[in-house]
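Coordinate inspection notes
Spelled out, the chains give:
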Amino acid sequence: MESCPGKTAVSGVMGFALGGAFGLFMASMQYDTPLSTNPNAQAITSLPLRQQLKQGFRDLGSRSYSSAKNFGKVGAIFAGTECCIEGFRAKNDLKNGVLAGCITGGVLAAPAGPQAAALGCAGFAAFSLAIDSYMRRPSETD
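You can see L129 is positioned in helix α5 (residues 114-136). For the pair L129 and N96, spaced 33 residues apart in sequence, the C-alpha to C-alpha distance is 9.5 Å. Leaving out residues up to four positions away in the same chain, L129 has contacts with L94 and V98.

Once that is clear, we can look at the side chain of S67. Tracing the sequence through the fold places S67 in helix α3 (residues 49-89). Engagement of the side chain of S67 in a polar contact is seen with the backbone oxygen of G19, the distance being 3.0 Å.

This brings us to the pattern of salt bridges. According to the stated counting rule, one finds two salt bridges in the structure shown. Ionic pairing is found between R63 and D59, a salt bridge with its closest N-O pair at 3.1 Å. Placement of the pair is R63 and D59 together in helix α3, with a separation of four residues, close to one helical turn. Residue classification places R63 among the partly exposed residues on the basis of a relative accessible area of 36%. The partner of D93 in a salt bridge is R89, and the shortest N-O contact between them spans 2.8 Å. By relative accessible area, D93 is classed as partly exposed at 25%. By relative accessible area, R89 is classed as partly exposed at 23%.

What follows covers the state of the cysteines. In this structure the tally under the stated criterion is two disulfides. Each disulfide pairs two cysteine sulfurs, and for C4 the partner residue is C83, the sulfurs being separated by 2.1 Å. Taking the torsion about the sulfur-sulfur bond, which here is approximately -85°, the covalent link between C4 and C83 counts as left-handed. With C4 in helix α1 (residues 4-30) and C83 in helix α3, this pair connects stretches of sequence that are 79 residues apart. The class of C4 is partly exposed, set by a relative accessible area of 21%. The class of C83 is buried, set by a relative accessible area of 8%. At a sulfur-sulfur separation of 1.7 Å, the disulfide partner of C102 is C121. Taking the sign of the S-S torsion, -75° for the link of C102 and C121, the bridge is left-handed.

The next thing to look at is unusual backbone geometry. For A90, which is not glycine, the phi dihedral falls at a positive 60°. Structurally, A90 is set in the loop between α3 and α4 (94-109).

The subject of this paragraph is α4. In a regular helix each residue adds 1.5 Å, so 16 residues correspond to 22 Å; α4 covers 23 Å between its end C-alpha atoms and thus fits that length. N96, G97, A100, G101, T104, G105, G106 and A109 are the residues of α4 that are buried. Looking at the buried positions of α4, the neighbouring elements they touch are α3 and α5.

Calculation rules
- Counting from 1, residues in each chain are numbered in the order their sequence is written.
- Per-residue local features of the predicted model are confined to residues with pLDDT of at least 70, and side-chain atom pairs are confined, for both listing and counting, to 80 or more; whole-chain, interface and lining totals are unaffected and use all residues.
- Note: side-chain values were computed over all heavy atoms of the structure, leaving out hydrogens and water.
- Numbering of helices and strands runs from the N terminus; a helix is a DSSP stretch of H or I covering at least four residues, while a strand is a stretch of E covering at least two.
- The contact criterion used is simple: two residues touch if any of their non-hydrogen atoms lie within 4.5 Å.
- Any pair of nitrogen or oxygen atoms within 3.5 Å is treated as a polar contact; in protein, a donor-acceptor pairing is required on top of that, and neighbouring residues in sequence qualify only through side-chain atoms on both sides.
- Salt-bridge detection follows one rule: a side-chain nitrogen of Lys or Arg within 4 Å of a carboxyl oxygen of Asp or Glu.
- Buried residues are those whose accessible area, probed at 1.4 Å on protein chains only, stays under 20% of the maximum for their type, while exposed residues exceed 50% and partly exposed ones sit between those limits.
- Here, a disulfide means two cysteine sulfur atoms that sit within 2.5 Å of each other.
- Multiply 1.5 Å by the residue count of a helix minus one, and that product is the helix's expected span.

Next comes the structure, spelled out in structure tokens:
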């Protein structure tokens, strides 16, 4: 796919789906711990089983949706930014991913202030560089 809006939309939708699955998994792992560590354990255990299940599934759904939104946002911002940078530079190299990672991290952390934006930029850029470097390395058969 060569269209930047198309890449952005696909990345956002796929990020939303992956984030939903990840959020569902992570939320379900919280219930794997003993209830005694949860401060609301007494209130939950005193409810009838049907209410416990209803509350648990509601929590799973809200956490899953929250994670899905975050993953979708990150995927859309990163893919759209990388595509625009690649089109502007007319090159396909590591620098595109690093710049897109920096912009994505900075934008996502900007509401927390300039220091957070700088750290977000550096963190996303470093992660993008590590992943792109690993993915672009020559295979052993070449």
